[in-house]
Amino acid sequence: MKQEEDFEANLAGEEGQSEETKTSWFKRIKKGILTSTAEKKETPEGLWSKCPECGYICTVTELRENMFVCPKCAYHHRIGSSEYFDIIFDDDQYEILYENIRSKDFLHFTDLKSYEKRLQETWAKTDITDSVRVAKGTVKSNDLVIACMDFEFIGGSLGSVMGERIARAATLCLEKRIPLMIICKSGGARMMESAFSLMQLAKVSGKLSQLTDAGIPYISLLTDPSFGGISASFGMLGDLNIAEPGALIGFAGPRVIKETIKKDLPEGFQRSEFLLEHGFLDFIVPRKELKEKLATVLSLFKN
Amino acid sequence: MPQDKNRQFLEFEKPIKELFDDIEGLKQKAEKSKIDLSDPIRKLEERVIETRKAITQNLTPWQKVQLSRHPDRPYTLKYIDKLTTDFVELFGDRNVRDDKAMVGGFASLDGRTVMIIGQQKGINTKARQLRNFGMANPEGYRKALRLMKLAEKFNKPVITLIDTPGAYPGLEAEERGQGEAIARNIYEMMRLKVPVICVVIGEGASGGALGIGVGDRVFMLENTWYTVISPESCSSILWRSWDQKEKAAEQLKLTPDYMHQFGLIDEIIPEPVGGAHWDYQEAANLLKPYLLNTLNELGQLTPEQRIEKRIEKFNKMGFYDEVAQ
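Conventions and cut-offs
Residues numbered from 1 in each chain as written. Chains lettered and ligands numbered in written order. Predicted model: local features only at pLDDT ≥ 70, side-chain atom pairs only at ≥ 80, totals over all residues. Heavy atoms only, no water. Helix = DSSP H or I, 4+ residues; strand = E, 2+ residues; numbered from the N terminus. Buried < 20%, exposed > 50% of the residue type's maximum accessible area, 1.4 Å probe, protein only. Contact = heavy atoms within 4.5 Å. Buried area = accessible area lost by both parts, 1.4 Å probe. Salt bridge = Lys/Arg side-chain N within 4 Å of Asp/Glu carboxyl O. Polar contact = N/O pair within 3.5 Å; in protein donor to acceptor, adjacent residues only side chain to side chain. Nonpolar A, V, L, I, M, F, W, Y, C, P; charged D, E, K, R; others polar. Pairing = 2+ DSSP bridges. Axes fitted to C-alpha atoms, helices over the stretch in contact; angles between N-to-C directions. Domains from an automatic or database assignment.

What about the overall build of chain A?
Alright, step 1. Counting secondary structure elements, chain A contains ten helices and ten strands.
Alright, step 2. Counting over 303 residues, chain A shows a buried share of 57%.
Alright, step 3. By sequence separation, contacts in chain A at least 24 residues apart represent 67% of the contacts at least 6 residues apart.

Notes on the interface of chain B and chain A
Alright, step 1. Across the boundary between the two partners, chain B contributes 52 residues, which contact 66 residues of chain A.
Alright, step 2. Interface area, chain B with chain A, both sides summed: about 5,200 Å², of which 68% is carbon and sulfur.
Alright, step 3. For chain B, the biggest contributors to the area lost against chain A are L238, F319 and Y320 of chain B; these three give 16% of the whole.
Alright, step 4. At the boundary of chain B and chain A, one finds three salt bridges.
Alright, step 5. The residue R191 of chain B makes a salt bridge to D213 of chain A at a minimum N-O spacing of 3.0 Å.
Alright, step 6. Counting across the chain B and chain A interface gives 20 residue pairs in polar contact (both at pLDDT 80 or more).
Alright, step 7. Put simply, the parts of the chain that give the side of chain B that touches chain A at least two residues each are α7 (171-175), α8 (178-191), α9 (206-210), β7 (225-227), α10 (231-238), α11 (245-252), α14 (303-315) and β9 (321-322) of chain B.
Alright, step 8. The element that contributes the greatest number of residues to the side of chain B that touches chain A is α8 of chain B, accounting for ten residues.
Alright, step 9. In terms of residue class, the side of chain B that touches chain A is built from 29 nonpolar, twelve polar and eleven charged.
Alright, step 10. When strand β4 (residues 101-102) of chain A meets β9 of chain B, the two strands line up antiparallel, connected through two bridges.

So, the side chain of T224 of chain B
Residue and element names in this part refer to chain B.
Alright, step 1. Mapped onto the secondary structure, T224 falls in the loop between β6 (217-221) and β7.
Alright, step 2. Here L221 takes part through its backbone oxygen, which lies 2.7 Å from a polar atom of the side chain of T224.
Alright, step 3. With residues near it in sequence (within four places) discarded, T224 still touches S68, R73, V200, I201, G202, L254, T255, P256 and E271.

What to know about the sheet that holds strand β6 (residues 142-149) of chain A
All names here are of chain A.
Alright, step 1. With respect to topology, seven strands assemble into an open sheet ordered β3-β5-β6-β7-β8-β9-β10, the strand pairing being mixed. The sheet is open, and its two edges are formed by β3 (94-97) and β10 (283-284), each paired on a single side.
Alright, step 2. Across four bridges, β3 lies against strand β5 (residues 132-139) in antiparallel orientation. Bridging across to β5, E95 finds its partner in K136.
Alright, step 3. Strands in contact with helix α4 (residues 81-88) are β3, β5, β6, β7 (180-186) and β8 (218-226); relative to β5, the strand with the most contacts, it is inclined by about 10°.

With respect to the pairing of strand β3 (residues 112-119) of chain B
Residues and elements named next belong to chain B.
Alright, step 1. Counted residue by residue, β3 has six buried out of eight residues, so it is predominantly covered.
Alright, step 2. As defined by bridge partners, strand β2 (residues 102-109) adjoins β3 across eight bridges and the pair is classed as antiparallel. Its bridge partner lying in β3, G104 is registered against I117.
Alright, step 3. Taking the residues that link successive antiparallel strands as the turn, the β2-β3 hairpin has two residues, and the phi of D110 there is positive, at about 50°.
Alright, step 4. Both β3 and strand β4 (residues 158-164) contribute to a ladder of four bridges, which runs parallel.

Overview of the domain arrangement of chain B
The accessible area lost on association of the parts is a frequent measure of interface size.
Residue and element names in this part refer to chain B.
Alright, step 1. Domain annotation for chain B reports domain 1 (10-58) and domain 2 (65-315).
Alright, step 2. Computed over C-alpha atoms only, the centres of domain 1 and domain 2 are separated by 35 Å.
Alright, step 3. Contacts between domain 1 and domain 2 engage nine residues on the former and eight residues on the latter.
Alright, step 4. Across the domain 1/domain 2 interface, buried area totals approximately 810 Å², and carbon plus sulfur atoms make up 68% of it.
Alright, step 5. Considering only the surface of domain 1 that becomes buried against domain 2, L10, R52 and T56 emerge as the three largest contributors, covering 57% of it.
Alright, step 6. Seen at the junction of domain 1 and domain 2, the total is zero salt bridges.
Alright, step 7. Here domain 1 is connected to domain 2 by three residue pairs in polar contact (both at pLDDT 80 or more).
Alright, step 8. Contributing elements (two or more residues each) for the side of domain 1 that touches domain 2: α1 (14-33) and α2 (38-57).

In structure tokens:
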């Protein structure tokens, strides 16, 4: 049985595990012993991996070769930007952009910890510089700029850096007339940036409207999870809105809705398939077919 | 506006209530004994004004939040009534239904036609339920967009009045695409050819507020707040408890002063002494010149210039470091 995940905890910069896992019998004292490279972050750790959906056990190498999709039940494991770039771009070749734009604690926001400290801690445990990374490359010889979120970085939260990096990506697409894709994977807004984080919705939407005027395609790929400000802005504004199978996508999180309506949520609620049925997705694409489908779509737009 | 004896008081407004009680006592005494007590009554009334002023001078962020939710506070339809004439309310999103939490229509503001739209809260328990506490569903946002497009067709400026604790987090709201509805509004408001002025008149919570909050100018009334999440929800997520709302309100820096200082809003609009709930007409009168002046200003620009400036205005928002690599 899949554990219900609390991705709001990730927004607080905490690991989104249930109490049960937190108080397990064995503790990993040293993190990432077998996953020292940047590519392996946000992927199942250790030699063996157990599918959270069906319990199938396979080696991480096998899982990696299968694009982190369970060989038995096709459950899509959560992966990071590096994995997506490797999957999508030709020959693993791409240029990472705007890495020099970094978050700062402008508001001196302190909850249980200061935002400054949270940032320092996050930077210390990952090679990722913020919750979105931008890369430029080709997909079967079609140019594409991708902004891909990393859930590992404070729950993929939407802050000023995400807004600025995506805005610059869009500007680049305007100048070079290259299509833009955003791969969404985020619990929502970065509350430690308060209203600044909210205004990023407007900021990115403004840039997208310029892409519209210039006739440049914009594709939004929604992956698990895509919530809050993401779905209330660029996540839902694609010329194509597409999603990976089984991804949780919505405006309000399941916990909040449950508390509001005081009822259990129906099976499959807010999953990709649910959104497709309700008319909010153009199609669902399994990870293994992603590159092929993207290339087809991009060349259809072009020719 | 409620009569003085029907007024409701927040905890920090209690000193005013005591004065009101004293005045009432004196009035009854004067009535009974036929003694002229108008002098002491007038003095007490002056003290009411002084106390209103004193109380709102040093409000904590949380008290501002409370004031923005004052049960006697004027809501969108009240402002429309006090600001404009010939208001014709228009209903429905032409798709699902009419959302009572979002109202709007054409009206005349000092002789010029405007489209005025806003979230609407209820003034009593029954009305609050009808208005869904000012929390719109997707059809509310789509109704707002329909009205904005109508305004664009007839080249009339759009004024939005923001007052919401958030977009409704319901099951059907998700089925009908709450996220998409808000996203579409943000995107389309960015491209509207007519002038757009947005005013936070009460609560400005998150995407629910921004869904009618993208404009050439964004104002906040003095006793309002605007940020990415309500202090209560922020407390529950970041502090893992519902009890830190005061702290969350402080940390979020959600008051008009901060928002103005950060360059996220353009002007702070003064309210009547002690808050808009003391005098609805005065509250509207204080807002009106800002609207008229801004409409004149924006009218000087071409649609293309306005859209370009609007995109640029929001594009500048954000804080980050650019480190050397």
